[in-house]
2 protein chains.
Amino acid sequence: MFTDNKESIGRWISLLHRYGNVYINEQLKEYSLGAGQYQFLAILYQNEGLSQDEIACLLKMDKGTTARAIAKLEKEGYVVRKVFNVDKRIKKLYLTEKAHAFESKLTSILLSWINIITKDLSVNDQEYALRLLKKISLNAEDYLDKMK
Amino acid sequence: MFTDNKESIGRWISLLHRYGNVYINEQLKEYSLGAGQYQFLAILYQNEGLSQDEIACLLKMDKGTTARAIAKLEKEGYVVRKVFNVDKRIKKLYLTEKAHAFESKLTSILLSWINIITKDLSVNDQEYALRLLKKISLNAEDYLDKMK
DNA sequence: ATACATTAGTTGCTTATGCAACTAATATTA
DNA sequence: TAATATTAGTTGCATAAGCAACTAATGTAT
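Residues numbered from 1 in each chain as written. Chains lettered and ligands numbered in written order. Predicted model: local features only at pLDDT ≥ 70, side-chain atom pairs only at ≥ 80, totals over all residues. Heavy atoms only, no water.

Q: Explain the overall build of chain A residue by residue, including any values.
A: Looking only at helices and strands, chain A has six helices and two strands in total. Its C-alpha atoms give chain A principal-axis dimensions of roughly 60 × 40 × 25 Å. Relative to all contacts within chain A whose residues are 6 or more apart in sequence, the contacts with residues 24 or more apart total 50%. Accessible surface, chain A: about 7600 Å² in total, of which carbon and sulfur atoms supply 51%. (Helix = DSSP H or I, 4+ residues; strand = E, 2+ residues; numbered from the N terminus. Contact = heavy atoms within 4.5 Å. Areas by Shrake-Rupley, 256 points an atom, 1.4 Å probe, with all protein chains shown as cover.)

Written out as structure tokens, the structure is:
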């Protein structure tokens with residue numbers, strides 16, 4: 001049956017991505033953020049002071065997409081861009097008070113979605129799923145990086 | 001470390017979705033199709049004669065998105081829309097010769113991506129990954145369906 | 001030092017997608 | 001049967017994202 005074919009991996013990924021975005025969008029609406037920004041904010045909580053280019057590389061995101069996501073975060077008051085005087089091409093990114101105050105909320109939103117979609121998986125299966133996802137993501141990265 | 005946190009499941013899903021789309025887009029370019037259409041075509045290979053609404057439900061896709069994807073498939077000559085005379089609101093979808101001639105090609109494109117991303121997984125792990133993905137997708141569906 | 005190359009970031013264009021408002025057809029109910 | 005509700009499909013609008021062309025700053029090579 002189609003839904004059990006190997007080819008349907010792509011369908012599950014697509015569905016999870018779309019549904020995840022719907023959920024995140026709804027949760028973030030009251031904070032004037034959307035699914036297109038949270039990854040950038042999350043990575044800044046881990047590494048304040050990154051440049052846009054570094055973030056784009058870490059997230060494997062287009063630099064144009066990154067520029068616009070950061071612009072939105074700045075516009076909404078979560079991030080400040082500071083030109084790096086040692087190399088004036090670079091803009092380093094810093095979190096505002098508003099962003100720091102929001103960190104635990106973002107974490108709980110992200111975890112709540114994970115809990116929804118893994119609710120009936122054993123801890124073992126959750127860890128296994130995470131490992132497999134990471135592995136196939138790395139394969140995808142490797143492949144497309146080589147193409148460029 | 002951030003990249004090993006539970007929260008990063010969303011990042012892997014996002015990355016797989018984006019990179020998968022880049023790959024599929026590149027492969028489909030010469031056929032005048034994109035990542036936004038292949039799922040609709042794939043499901044029609046399994047069930048010719050479905051209506052747009054049925055497809056939208058099966059793929060858990062918005063009906064507007066479905067309308068536009070089918071319009072593109074029709075414009076490019078892969079699909080024909082026929083008003084269902086028993087209920088003139090419904091348009092049933094049929095594949096053209098061009099679509100039939102393309103089926104094996106599409107299958108091989110989709111499989112080649114799966115093979116790229118699962119290249120170092122054992123058959124066991126591949127099946128396990130598929131089962132887990134399906135399970136968490138169903139959880140996502142259940143949750144958002146209940147919200148509406 | 002001047003010319004060329006690379007890098008960081010921005011912006012225009014395109015596609016994919018969800019949501020909401022709309023139309024037309026059919027179904028239900030008073 | 002006439003009025004209302006539901007359903008299938010379309011379309012406008014907004015967001016997310018990649019690609020490519022561009023600018024400004026820095027680096028390299030002659």
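Following the structure, the description resumes.
Q: Please set out the protein's contact with DNA strand D residue by residue, giving values where relevant.
A: The environment of DNA strand D is formed by 25 residues, the closest being Arg18, Asp53, Lys63, Arg68 and Lys91 of chain B. Taking the atoms of DNA strand D that fall within 4 Å of the protein, sugar and phosphate contribute 65% of them. Within the backbone of Gly36 of chain A, one N or O atom sits 2.9 Å away from a phosphate oxygen of DNA strand D. Lys63 of chain B is positioned with one of its side-chain polar atoms (N or O) 2.7 Å from a base oxygen of DNA strand D. Of all the elements in the fold, those that place two or more residues in the surface near DNA strand D are helix H4 (63–75) of chain A together with helix H1 (9–28), helix H3 (52–59) and helix H4 (63–75) of chain B. No other element matches H4 of chain B, which puts four residues into the surface near DNA strand D. (Near = heavy atom within 4 Å. Polar contact = N/O pair within 3.5 Å; in protein donor to acceptor, adjacent residues only side chain to side chain.)

Q: Help me get a handle on the protein's contact with DNA strand C, residues and values and all.
A: Residues in contact with DNA strand C amount to 25 residues; listed here are only the nearest, Arg18, Asp53, Lys63 and Arg68 of chain A together with Lys88 of chain B. At 2.6 Å from a phosphate oxygen of DNA strand C is found a side-chain nitrogen or oxygen belonging to Arg18 of chain A. One nitrogen or oxygen atom from the main chain of Lys88 of chain B is found 2.8 Å from a phosphate oxygen belonging to DNA strand C. Elements represented by at least two residues in the surface near DNA strand C include exactly helix H1 (9–28), helix H3 (52–59) and H4 of chain A together with H4 of chain B. Top element by residues in the surface near DNA strand C is H4 of chain A. It accounts for four residues. Grouping the amino acids of the surface near DNA strand C by side-chain chemistry returns five nonpolar, seven polar and 13 charged. (Nonpolar A, V, L, I, M, F, W, Y, C, P; charged D, E, K, R; others polar.)

Q: Outline the confidence of the model for chain A, listing residues and values.
A: Looking at chain A, pLDDT values average 93 and 96% of them are 70 or higher. Taken element by element, chain A is modelled with least confidence in helix H6 (residues 123–147) of chain A, mean pLDDT 90, and with most confidence in H4 of chain A, mean pLDDT 98. (pLDDT = per-residue confidence, 0-100.)

Q: I'd like a description of the pattern of salt bridges, backed by residues and values.
A: Two side chains of opposite charge can pair, provided their charged atoms sit close to one another. Taken as a whole, this structure holds ten salt bridges over all chains when the rule is applied. Measuring nitrogen to oxygen at the nearest pair gives 3.9 Å for the salt bridge that ties Lys75 of chain B to Glu76 of chain B. Residue Lys75 of chain B is classed as exposed on the basis of its relative accessible area of 66%. Assessed through its relative accessible area of 17%, Glu76 of chain B is described here as buried. Arg89 of chain B is the partner of Asp87 of chain B in a salt bridge, and the nearest nitrogen-oxygen pair spans 2.9 Å. The exposure class of Arg89 of chain B is exposed, given its relative accessible area of 73%. Counted as one network, the salt bridges with shared partners bring together Lys72, Lys75 and Glu76 of chain A. (Salt bridge = Lys/Arg side-chain N within 4 Å of Asp/Glu carboxyl O. Buried < 20%, exposed > 50% of the residue type's maximum accessible area, 1.4 Å probe, protein only.)

Q: Any details on the environment of Asp125 of chain A? Residues and values, ideally.
A: With respect to the helices and strands, Asp125 of chain A occurs in helix H6. The contacts of Asp125 of chain A, once residues within four sequence positions are left out, are Tyr128 and Leu132 of chain B.

Q: Please set out the relation of the copies chain A and chain B residue by residue, giving values where relevant.
A: When chain A is fitted to chain B, the best match, at an RMSD of 0.0 Å, comes from turning it 180° and sliding it 0.0 Å along the axis. These values place the two chain copies in the arrangement generated by a two-fold rotation axis. (Least-squares fit on C-alpha atoms with pLDDT ≥ 70 in both.)

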